[in-house]
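Structural overview
What follows is the residue order along each chain.
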Amino acid sequence: MLPSFLQYIGPDFNFTLSYVIHNGFELDQDFYGCSGGVPESNHHRRQYWGVYFITVGILILILYSTCLIAIAKSDQMKTSAYKTMLFLGICDLSSTMIHSVATGILGYNGIGFCDYPRLIFTLGSIGLGSWMGCCISSMVLAFIRICDLNSQIKMRKCFAGWKIYVILLVFFMYSLYAMFLSKPLIFNPVYMSWFFDPGVGKDPTLYINVIHTFNNVMMAVSTIVFYGYLAIVFLKESRSSATKKLTQMQVTILLQTFFFCIFHAIGAAIYAYMQFFESSEFIVLVGHLAWQSSSGSVCMIYLTLNRTIRRSVVKLVCSRKYNVEHYAPSIISVHPRSRANSRMFEMSNFHNFH
């Protein structure tokens, strides 16, 4: 009864983590069986790249975890944006464990799918679910920012009050669907990246993941549209002003839009492309680095461009005797008389910009 139901909501049930769990952690040998003719993978050890991914991954985990703790303790947690940022952070941490730490360890040792099929299958499922959770929450955060700029958008009411919890539950279910009822990513040590084809000699078209392709195309397009819209709004404001120059606040927000847009769009587009077309080692590596940067850039932007979170992190990691008011100057210099107004403006503009 249970397998029939799962096959109904997941047509490729035999390719999924749910099937593996239900089958006593045994993979379907018709699609993921390793024959004796499969080449040995330990001939493709990438020790330098392995050390790089492990080191950067640990750094991202430390910095991002600190930011998440600061976000969770912030007074702004009552806002829908901060709740979404927390969900995004959890997905990013899970994703970092796969695209950096696991990738580094597997690549350093030249471990391929047929060396540890169940482990790599499981890690690939987690990585896919985490990535798709990051995508959907990132897109909604961009839309929340647009709603803040345009109060006439009626859909902004969908994120108010208890409704944000319903949206976050949908995000969670979307991520779980990708993790348990979708074809997983499989690590390939030759390219130091993750593909859907396990490379066991079967037809590669069997492993095409449609929902992943849809997710990535939607991510690439919507990210450019949403963040491009924000950039255009600020550029128009600067042209209509007397000085015709962007303020430091606008420059800061434009920098955020650029970094979030470029890494998510590149990573999503290349990973979708890799499913259907043969890609060079360079293109594959760029795509994987973009996936890694899509997580790492978030915590770096929190610490460099978001004054509210940066100050919270300082309070968290420094001694109680440390006077946060004497912390290094922020990006935006504020006259003492207007400090209160600037603080209110910052809280209303930066707290919901991931």
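It should be noted that the structure appears before, not after, this text.
Presented here is an overview of the structure given in this document. Remember, it's a predicted structure, so these values are computed and weren't measured experimentally. Here the residue numbers are simple positions, counted from 1 along each chain's written sequence. In keeping with the model being predicted, local features are shown solely for residues with a pLDDT of at least 70 and side-chain atom pairs are shown and tallied solely at 80 or more, while totals for entire chains, interfaces and linings include all residues. Side-chain measures were taken over the full set of non-hydrogen atoms in the model, leaving aside hydrogen atoms and water.

**Observations regarding the packing of helix H5 (residues 80–109) against helix H6 (residues 117–149)**
Geometrically, a packed helix pair is captured by the angle between its two axes and the distance between the axes. Interhelical geometry of H5 versus H6 gives an angle of 150° and a closest axis separation of 8 Å. The way H5 lies across H6 gives a crossing that is left-handed. Each residue belonging to the contact of H5 with H6 can be placed in one class, and the counts come to 15 nonpolar, nine polar and one charged. Between N-to-C directions, angles span 0 to 180 degrees; the directions come from axes that are lines fitted to C-alpha atoms, helices contributing only their stretch in contact. Secondary structure elements are defined from DSSP: runs of H or I of at least 4 residues count as helices, runs of E of at least 2 residues count as strands, and each element is numbered from the N terminus. Crossing handedness follows the turn of the near helix against the far one: under a right angle anticlockwise gives a left-handed crossing, and clockwise gives a right-handed one. Residues are grouped as follows: nonpolar covers Ala, Val, Leu, Ile, Met, Phe, Trp, Tyr, Cys and Pro; charged covers Asp, Glu, Lys and Arg; every other residue, Gly included, is treated as polar.

**A look at the packing of helix H4 (residues 47–73) against helix H10 (residues 281–305)**
At a minimum axis distance of 9 Å, the contact between H4 and H10 shows a crossing angle of 30°. Here H4 is positioned roughly parallel relative to H10, judged by the angle of their axes. As for the relative orientation of H4 and H10, their crossing is left-handed in sense. For the pair H4 and H10, the contacting residues are Trp-49, Tyr-52, Phe-53, Val-56, Ile-60, Leu-63, Tyr-64, Cys-67 and Ile-71 in the first and Leu-285, His-288, Leu-289, Gln-292, Ser-295, Gly-296, Val-298, Cys-299, Met-300, Tyr-302 and Leu-303 in the second. For the contact of H4 with H10, the per-class residue count stands at 16 nonpolar, four polar and no charged. For classification, angles of less than 35 degrees are called roughly parallel, those exceeding 145 degrees roughly antiparallel, those between 65 and 115 degrees roughly perpendicular, and all remaining angles oblique. Residues count as neighbours in contact if any of their non-hydrogen atoms are within 4.5 Å of one another.

**Some details on the state of the cysteines**
Two cysteine sulfur atoms make up a disulfide if the distance between them is within 2.5 Å. Under the counting rule described, the total for this entry stands at one disulfide. In this model Cys-134 remains outside any disulfide bridge; the closest cysteine sulfur is found in Cys-91, 4.9 Å from its own. The buried label applies to any residue whose accessible area, calculated with a 1.4 Å probe on protein chains only, is under 20% of its type's maximum; exposed applies above 50%, and partly exposed to all values in between. The buried category is assigned to Cys-134, whose relative accessible area is 2%. Lacking any disulfide linkage, Cys-299 is separated from the closest cysteine sulfur, that of Cys-67, by 5.9 Å.

Bear in mind that shape data such as this cannot, by itself, settle questions of function.
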